[in-house]
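# Inside the fold
For reference, the chains in residue letters:
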Amino acid sequence: MYYITKRFELSGSHRLELSYESKCTRMHGHNWIVTIHCMAEKLNSDGMVVDFTHIKEKITSYLDHGNFNELLPFNPTAENIARWICGQVPNCYRVDVQESEGNTATYIDTEDAPHERLESFKLPE
Ligand SMILES: [Zn+2]
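Structural notes, computed from the coordinates. These figures come from a predicted structure and were not determined experimentally.

## Structural notes on the overall build of the protein chain
Looking only at helices and strands, the protein chain features four helices and five strands. Scanning the protein chain from its N terminus toward the C terminus, one meets helices and strands in the order β-β-α-β-α-α-β-β-α. In terms of overall dimensions, the protein chain is globule-like: its C-alpha atoms have a radius of gyration of 15 Å, near the 14 Å expected for 125 residues. Counting only C-alpha atoms and orienting by the principal axes, one finds that the protein chain spans roughly 50 × 30 × 30 Å. When burial is assessed residue by residue, the protein chain has 25% of its 125 residues classed as buried. Across the protein chain, every contact between residues at least 6 apart in sequence was considered, and the portion connecting residues at least 24 apart equals 66%.

Structure representation (structure tokens):
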């Protein structure tokens, strides 16, 4: 089995829909640190699991410096962002989204936790 990880920064803004009082319901920005984990039993014809550059390009070209509330059809918590990114990248099984120092959400794809409706909103290949 082959494993790769790609780590990059994603800048943007969001506001959260929450059932309790929180400053996070106000529009604010983050420099999220995203770590994407992919694996494959066999390498592709280029000898890769997936090209590091393509992983980053696919996500940053859509989200970077954007308003995540406008770009994503769900409450853009770090958890939901991680899950959505996992559904966008071929051979991805885990995504870590660090929102700030000490605060990281991880989504791990298992058969028990399919991407559900988040996957239905897919970026073009
Ligand atoms: Zn936030």
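After presenting the structure, the write-up continues.
## Quick word on the pairing of strand β4 (residues 92-100)
Bridge analysis of strand β2 (residues 28-40) against β4 gives six bridges, and the strand direction is antiparallel. Bridge assignment links valine 34 to a residue of β4, and that residue is valine 97. One ladder, built from six bridges, connects β4 with strand β5 (residues 103-108); its direction is antiparallel. Residue aspartate 96 lies in a different strand from β5, and its bridge partner there is threonine 106.

## Looking at the nonpolar core
Counting residues in each nonpolar core, the largest one holds 22 residues, and the members touching the most others are Val34, Ile36, Ala82, Ile85, Val89 and Val95. Mapped onto this core, the elements with two or more residues apiece are β2, α1 (52-63), α3 (78-88) and β4. A per-element tally of this core places α3 first, with six residues. Excluding its chain neighbours within four sequence positions, the residues that come into contact with alanine 82 are Val95, Asp96, Val97, Ala105, Thr106 and Tyr107.

## Some words on the sheet that holds β2
Reading across the sheet, the five strands line up as β3-β1-β2-β4-β5 and stay open at both edges, with mixed pairing between neighbours. The open sheet has two edge strands with one neighbour each: β3 (66-67) and β5. Lying over the sheet, α1 contacts β1 (2-14), β2 and β3, oriented at roughly 15 degrees with respect to β1. Seen against the sheet, α3 touches β2, β4 and β5 and runs at an angle of roughly 150 degrees to β4.

## Observations regarding the environment of threonine 53
Summarising the element assignment, threonine 53 is placed in helix α1. The class for threonine 53 is exposed, based on 9 C-beta atoms found within 10 Å. Sequence-wise, threonine 53 and methionine 39 are 14 residues apart; in three dimensions their C-alpha atoms are separated by 16 Å.

So, how was this worked out
Residues numbered from 1 in each chain as written. Predicted model: local features only at pLDDT ≥ 70, side-chain atom pairs only at ≥ 80, totals over all residues. Helix = DSSP H or I, 4+ residues; strand = E, 2+ residues; numbered from the N terminus. Rg over C-alpha atoms; globule rule 2.2 N^0.38 Å. Buried ≥ 20, exposed ≤ 12 C-beta atoms within 10 Å, placed from the backbone. Contact = placed C-beta atoms within 7 Å. Pairing = 2+ DSSP bridges. Core = buried A, V, L, I, M, F, W, Y, C linked by C-beta atoms within 7 Å. Axes fitted to C-alpha atoms, helices over the stretch in contact; angles between N-to-C directions.

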